[in-house]
Amino acid sequence: KCTLNDLRLAEATVSDHGVVVIDDVYNQQWPGVLTGLARYLTQDGSALRPFAFTPGKVYLAKAPAIPALGCRPPMKKDRRVGFDRTEEEARNDRA
């Protein structure tokens, strides 16, 4: 619940070109972080989108800002692997 509330607050207060960093996303001692992030990202109308990942961290920004950060934004309900390849393209790479 805390992470979900924090993300709602961050969405309301971050500038249009700001970045939100979530820490401890994959920390087993803090399972609520990943749960809150997943709940936030699956809500209709959530404005922040993930654009980068590092060990333990997820970086989010408002969708219009993501191209300026050098990333292609993932679309909701878009079946993409990474941010620039479809699942079919990924399967073909493995074949």
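Conventions adopted
The numbers attached to residues start from 1 for each chain and follow its sequence in the written order. Confidence filtering applies because this is a predicted model: local features only for residues at pLDDT of at least 70, side-chain atom pairs given and counted only at 80 or more, and all residues used for totals across whole chains, interfaces and linings. Excluding hydrogens and water, the side-chain values take into account all heavy atoms of the structure. The patch calculation keeps residues exceeding 30% relative accessible area without a salt bridge and links them within 9 Å when they carry like charges or within 5 Å when they are nonpolar (Val, Leu, Ile, Met, Phe, Trp, Tyr). A 1.4 Å probe and the Shrake-Rupley method give the accessible areas. Residues count as covered only by the protein chains that appear here. The rule for a salt bridge is simple: a side-chain nitrogen of Lys or Arg has to be within 4 Å of a carboxyl oxygen of Asp or Glu. Only DSSP runs of H or I with at least four residues qualify as helices, and only runs of E with at least two residues qualify as strands; both kinds are numbered from the N terminus onward. Being paired, for any two strands, means DSSP has found at least two bridges between them. Geometry is summarised by axes, namely lines fitted to C-alpha atoms with helices restricted to the contacting stretch, and by angles between N-to-C directions that run from 0 to 180 degrees.

With that settled, consider a nonpolar patch on the surface. Residues V19, V21 and L69 make up a contiguous nonpolar surface patch of roughly 220 Å² in combined accessible area. Structurally, V19 can be placed in the loop between α1 (2-13) and β1 (20-22).

Moving on, we come to the sheet that holds β1. The antiparallel open sheet is built from 3 strands, whose spatial order is β1-β3-β2. Each of the sheet's edge strands pairs with one partner strand only, and the pair in question is β1 and β2 (48-54). Across the sheet, the axes of successive neighbouring strands diverge by a mean angle of 30°, strand direction being ignored. Both β2 and strand β3 (residues 57-62) contribute to a ladder of 6 bridges, which runs antiparallel. Each residue of the ladder has a partner; that of R49, found in β3, is A61.

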